[in-house]
Amino acid sequence: MARSLNRVKEILIKVKHIQEEAEKKEKESAKYFTDRCNKISQREHERLNVIVDNRTGQLLSKPVCSYRYYSQLMQNYRNGIKALGFKHHAIKRHINTFLRKYSNTKEGLHKKLDPHLPIEKLRENIILLRTNTVTGSDFRRDLLRLRIEHHAYYMFEPKSAIKDWIRDDDQKQLNKKLHTQILVNPKWVKTLVCNLLTKNEPSTSDLCIGIALASGRRLTEIMKTASLKVVDDKTLLFSGQLKTKNRYLFKKISRYQIPSMIEAEIVVKALDKLRQKTQNNTLKYHNVFGKMVKSEVKDAGIKDYDHNRAVHKKYESTMNRAVRALFQNGQFSLKDCRALYTEVTYEDHLKKGEAPSAYRHRVLGHSLIETQLHYEAFRLNNSVQSIELIENNNHAKIADLQKSLGVYLEKADIAVVSYSRAPKMAVIHEWLKSEVMKGLQLEKMTPSYIRRHCLFEGKQLNFNTIKKYLNEFIQLAQY
């Protein structure tokens, strides 16, 4: 199904044709751009049976694929359109409008947003400007709305109803994880790692899982990009980090020291052995332009994102099955090896006064402390034989938390009702208090969840209004 639904190549041919034809039309080019781009997006959504109500934003149909696969398809189309390097047909007008409004607020704004700059430089400059803006400000809002990409890029943004569902589902999965305690015996983990990496004839999965547990590195880093060197018996020098988002614009992603769960030399030798076994393995994948590519694991650099994704896809299911077999539980995956790594190595490698979240931030190379929430479930316990899941079903405690949350919301009653500029705040407030009394938990009180479920006269509320309510009126983060 995935192969038949993915039409990146066909979409990009149409986008290039639109660009070529529009350049011949001059005066009529703007209308031609918008009409043609809207049409190819509309037809693609009809093909995928993704139909939404334009007034409420609600999904009216059942797509022919999963929500997540649809979202990935849209991202593939957008990535391909960006890779073509076309600027928006009205980029000068959009940027000039923005500059007239904000030219006096930021020094050098005209130079950073010069529409004649290469599109890659404009993208980077917008990212840099965005980092220094205040959340919720008009400047930030207008900057994020600034259209510099080809018009077709914006037409393939995933529908909000599906994005909301994915956000809610992600939060649900995280909530489930945070309410499940995973007890692990650290001696068992270390023994397991030694056994995996010192076998006479270790399999690819033995080596990969052992290295993941010993070093906390990601799958594609282990299989392709990571370089590990011995610093001392307990320390490795690591380079080749992936998933750094936009940090390359602010600082060089240099190699850095990480703890080794077992003797460092064993881990380095294991990585060499793994690469010898797998570097010539073949890959077959579609690149950003939808073209079929045949390659090998060793063939591409760290910034070849299509190749990186192909490496991940080739080994992911095999490694996850092997992890579940080792841990004797179907809920685990290779990603959990990173959490196990930080939990087992923390006591031996923390710096003075370093909290667990700060330690994870340092050794895993995360760009944000907030991402550490996904690692909170594991706890060391010498009384368990290996690894054990314990569900948290303390209903009385949950009921007390709900009551406390309801009382906290009531403190904002006067402020919300008296805010005459946005009466819909009161609608959100009364709805949320009611839902909390029915059992809505704190973890689900996100802007996307409220937007999806709290309707006013059958319509979804403005996303920024909901965020303002949560952040400024009830100050939910302070609860």
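Here the structure is shown first, and the text comes after it.
Residues numbered from 1 in each chain as written. Predicted model: local features only at pLDDT ≥ 70, side-chain atom pairs only at ≥ 80, totals over all residues. Heavy atoms only, no water.

J.: Would you take a moment to explain helix H8 (residues 138-145) for this structure?
T.: Because an α-helix packs 3.6 residues into every turn, residues spaced three or four apart end up facing the same way. Within H8, the full set of buried residues consists of Phe139, Asp142 and Leu143. Each buried residue of H8 sits inside an arc of 105° when the element is viewed along its axis, so together they form one side. Along its buried surface, H8 packs onto helix H5 (91-102), helix H6 (109-112) and helix H7 (119-131). (Buried < 20%, exposed > 50% of the residue type's maximum accessible area, 1.4 Å probe, protein only. Helix = DSSP H or I, 4+ residues; strand = E, 2+ residues; numbered from the N terminus. Arc of directions from axis to C-beta. Contact = heavy atoms within 4.5 Å.)

J.: I'm lost on the sheet that holds strand E4 (residues 256-259) in this one. Help?
T.: The strands making up a sheet associate through hydrogen bonds between their backbones, and the pairing can be parallel or antiparallel. The strand order across the open sheet formed by three strands is E2-E3-E4, and the pairing between neighbours is antiparallel. With partners counted over all chains shown, the strands left at the sheet margins are strand E2 (227-232) and E4, one partner each. Adjacent strand axes in the sheet meet at a mean angle of 40° when their direction is disregarded. Here five bridges tie E2 to strand E3 (residues 235-239), and the two strands are oriented antiparallel to one another. Along E3, the bridge assignment pairs valine 230 with leucine 236. (Pairing = 2+ DSSP bridges. Axes fitted to C-alpha atoms, helices over the stretch in contact; angles between N-to-C directions.)

J.: In this structure, what is going on with helix H15 (residues 305-327)? I would like to understand it.
T.: Here H15 spans 31 Å end to end across 23 residues, near enough to the 33 Å set by a 1.5 Å rise per residue. Where H15 bends most, the angle comes to about 40°, and this point is glutamate 316. One or two positions beyond H15, positive phi appears at glutamine 328, with a value near 55°. (Expected span 1.5 Å × (residues − 1). Bend = angle between axes of the 7 residues up to and from the residue.)

J.: How do you make sense of the packing of aromatic side chains when you look at a structure like this?
T.: How two aromatic rings sit relative to each other is set out by the distance from centre to centre and by the angle between their planes. The final tally for this structure, using the stated rule, is ten aromatic pairs. Residues tyrosine 67 and tryptophan 165 carry aromatic rings whose centres are separated by 5.0 Å and whose planes lie at 85° to one another, so their mutual orientation is edge-to-face. Placement of tyrosine 67 in helix H4 (residues 67-84) and of tryptophan 165 in helix H10 (residues 160-178) is noted, with a sequence separation of 98 residues between them. Owing to a relative accessible area of 28%, tryptophan 165 belongs among the partly exposed residues under this scheme. Aromatic pair tyrosine 77 and phenylalanine 156: ring centres 5.3 Å apart, planes at 70°, arrangement edge-to-face. You can see tyrosine 77 sitting in helix H4 and its partner phenylalanine 156 sitting in the loop between helix H9 (151-155) and H10, a full 79 residues away along the chain. Per residue, the accessibility class of tyrosine 77 equals that of phenylalanine 156, and both read buried. Joined through ring pairs, the aromatic side chains of Phe98, Tyr102 and Phe139 make up one cluster. Its end group placed over the ring of phenylalanine 139, lysine 106 keeps NZ or CZ at 5.3 Å from the ring centre. (Phe/Tyr/Trp six-rings, centres within 6.5 Å; stacked < 30°, edge-to-face > 60°. Lys NZ or Arg CZ within 6 Å of the ring centre and 35° of its normal.)

J.: Can you help me understand the pattern of salt bridges in this one?
T.: A side chain with one charge may pair with a side chain of the opposite charge, provided their charged atoms come close. Per the stated rule, a full pass over the model turns up 22 salt bridges. In this structure, arginine 68 and aspartate 169 form a salt bridge, with 2.8 Å as the shortest nitrogen-oxygen distance. One end of the pair, arginine 68, is in helix H4; the other, aspartate 169, is in helix H10, and 101 residues separate them in sequence. Here the salt bridges do not stand alone but share partners, grouping Lys101, Asp138, Arg141 and Asp142 into one network. (Salt bridge = Lys/Arg side-chain N within 4 Å of Asp/Glu carboxyl O.)

J.: Can you help me understand the environment of leucine 440 in this one?
T.: Relative to the helices and strands, leucine 440 is located in the loop between helix H20 (424-438) and helix H21 (447-453). The spatial distance from the C-alpha of leucine 440 to the C-alpha of glutamine 402 is 7.8 Å, given a sequence separation of 38 residues. Excluding its chain neighbours within four sequence positions, the residues that come into contact with leucine 440 are Gln402, Leu405, Leu432, Glu435, Met445 and Tyr449.

J.: What is the right way to look at the pairing of strand E5 (residues 282-286) in this model?
T.: Moving residue by residue along a regular strand, the side chains alternate between the two faces of the sheet. Because side chains alternate across E5, one face comprises the buried residues Leu283 and Tyr285, and the other comprises Thr282, Lys284 and His286, none of which is buried. Counting the residues that bridge the hairpin from E5 to strand E6 (residues 292-296) gives five residues, and of these glycine 290 lies at a positive phi of roughly 85°.

J.: What exactly am I supposed to notice about the side chain of lysine 224 here?
T.: Tracing the chain through its elements places lysine 224 in helix H13 (residues 219-225). We note that lysine 224 is buried and unpaired, the nearest opposite charge coming from aspartate 304 at a distance of 5.9 Å. From its side chain, lysine 224 meets the backbone oxygen of glycine 301 in a polar contact 2.9 Å long. Once residues lying within four places of it in the same chain are set aside, the contact partners of lysine 224 are Arg275, Val297, Ala300, Gly301, Asp304, His307, Asn308 and Val311. (Lys, Arg positive; Asp, Glu negative; His and termini not counted. Polar contact = N/O pair within 3.5 Å; in protein donor to acceptor, adjacent residues only side chain to side chain.)

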